[in-house]
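Chain by chain, the residues:
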Amino acid sequence: RRAKTSSDNVVRYTSEMDQEERERRALAADMLRALEENEFFLHYQPQFDIRSMTVIGYEALLRWKHPEKGLISPGVFIPIAERHGLIQRIGDWVLEKACEETVDSDFEGRIAINVSGVQLSDPEFCERLKGTLVRTGMSPTRLELEVTETAIITDKQQALHALRQIRSLGIAIALDDFGTGYSSLDTLQSFPFDKLKLDQAFAGGLESSDQAKAIVRAVIALGKSFELPVLAEGIEKESQLDVLLAEGCHEVQGFLLGRPAVWESRQSHAEGVAAIRSAS
Ligand code: C2E
Ligand code: MG
Ligand code: MG
Ligand code: MG
């Protein structure tokens, strides 16, 4: 009897995996169509200087409005795009679109764009990036690429080569989700970063855990010794902002200060923060 139950479980487990794999393949196939049908669009989330509380940049975040499934999160479809060889085309689209929308607007600050490790491992990536800058008229000094340690760990040599090339164009590099994943200090030493983005888990833990506060403090100190500004992600409460300000964090980003939104709606960000400041 026990054996039967366990083999039933195996069968169910396997068919669930097949089902998930089928869904992933269906999504991958849909993604190709999505590029042509303009189902992708970008949200932008403001990034603030913590002292002046002025917007210094926006992070572009990819969105997919699937005709049947509705809005699908990049956390779901980016890994599928990476596995099915679609991330280069999608990533190129993101770069081009973000540059276009920025250049067409009256905003003069910086745009941060997430780049996957698979994109960095493509030897042609940098050439295409240059093409995008030329086509859109975007200034490289206004561009920042966000990479994670997970993204650069697979092929460190190639990633290092790519990041050096990118940086020689005048583009800045931010290390995203810092404090999670591998976070080896050696990476800080050998890679040409311009900024550390402290993962949102730490701002989130600030009230409930002294450890989170200790990590925030340590990362800011680390930033200081490497001369890298630290941006804290995922700020949802004013109390988190107070701690980060006291600890000497440089930049902040989060739902409290501005949710990701289409480019045309970004004006509301400045107004929202003005409201937070006048209230406190
Ligand atoms: P990420 O780059 O670390 O982006 C931050 C994520 O946190 C975003 O989720 C953002 O909407 C969310 N967020 C911002 N503020 C808050 C907050 O106060 N509280 C909470 N709970 N969340 C907040 P999103 O847009 O779903 O993106 C998830 C991840 O997908 C990104 O993490 C990034 O790794 C990836 N991604 C998004 N767009 C792209 C893209 O164009 N290319 C690549 N390669 N990856 C992308
Ligand atoms: Mg990011
Ligand atoms: Mg992040
Ligand atoms: Mg992330």
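Anyway, here's the lowdown on the structure attached to this text. The structure displayed is predicted, hence computed values, not measured ones.

### So, the packing of aromatic side chains
Summed over the entire model, instances satisfying the criterion amount to nine aromatic pairs. Judged by centre distance (5.7 Å) and plane angle (50 degrees), the rings of phenylalanine 40 and phenylalanine 77 are tilted. Of this pair, phenylalanine 40 sits in strand β1 (residues 40–49) while phenylalanine 77 is found in helix α2 (residues 74–83), placing the two residues 37 residues apart along the sequence. Classification of phenylalanine 40 as buried rests on a relative accessible area of 5%. Residue classification places phenylalanine 77 among the buried residues on the basis of a relative accessible area of 0%. Here the aromatic rings of tyrosine 44 and tryptophan 263 are separated by 4.6 Å at their centres, their planes lie at 70 degrees, and the arrangement is edge-to-face. One end of the pair, tyrosine 44, is in strand β1; the other, tryptophan 263, is in the loop between β9 (251–252) and α12 (267–279), and 219 residues separate them in sequence. A network of ring pairs unites the aromatic residues Phe40, Trp64, Phe77 and Trp93 as a single cluster.

### Remarks on the coordination of the magnesium ion (ligand 2)
Ideal values for angles at a metal depend on the geometry: 109.5 degrees with four tetrahedral donors, 90 or 180 degrees with six octahedral donors. Around the magnesium ion (ligand 2), the protein supplies Glu59 (OE), Asn114 (OD1), Glu146 (OE) and Asp176 (OD) as donor atoms, at distances of 2.0 to 2.2 Å. One chain supplies every donor to the magnesium ion (ligand 2), and in sequence these donors are spaced E-x54-N-x31-E-x29-D. The distance between the magnesium ion (ligand 2) and the magnesium ion (ligand 3) comes to 4.1 Å, with aspartate 176 serving as a donor to both metals. Separated by 62 residues along the polypeptide, asparagine 114 in strand β4 (residues 110–114) and aspartate 176 in strand β6 (residues 172–178) bring together distant segments of the chain. Look at aspartate 176 and you get buried, because its relative accessible area is 7%.

### Points about the state of the cysteines
A complete count under the given rule lists zero disulfides for this structure. The cysteine cysteine 99 is free of any disulfide, with cysteine 126 supplying the nearest cysteine sulfur at 13 Å. Using a relative accessible area of 1% as the deciding quantity, one classes cysteine 99 as buried.

### Remarks on the pairing of strand β2 (residues 55–66)
A large share of β2 lies buried, amounting to nine of its 12 residues. Taking the residues between adjacent antiparallel strands as the criterion, β1 and β2 are bridged by five residues, where methionine 53 takes a positive phi near 55 degrees. Pairing geometry for β2 and strand β3 (residues 70–72), over three bridges, is antiparallel. When the bridges of β3 are listed, tryptophan 64 appears paired with isoleucine 72. Once β2 ends, the chain turns through three residues before running back antiparallel as β3.

About the cut-offs
- Residues numbered from 1 in each chain as written.
- Chains lettered and ligands numbered in written order.
- Predicted model: local features only at pLDDT ≥ 70, side-chain atom pairs only at ≥ 80, totals over all residues.
- Heavy atoms only, no water.
- Phe/Tyr/Trp six-rings, centres within 6.5 Å; stacked < 30°, edge-to-face > 60°.
- Helix = DSSP H or I, 4+ residues; strand = E, 2+ residues; numbered from the N terminus.
- Buried < 20%, exposed > 50% of the residue type's maximum accessible area, 1.4 Å probe, protein only.
- Donors = N, O, S within 2.8 Å, 3.2 Å for Na, K, Ca; no water.
- Disulfide = S-S within 2.5 Å.
- Pairing = 2+ DSSP bridges.

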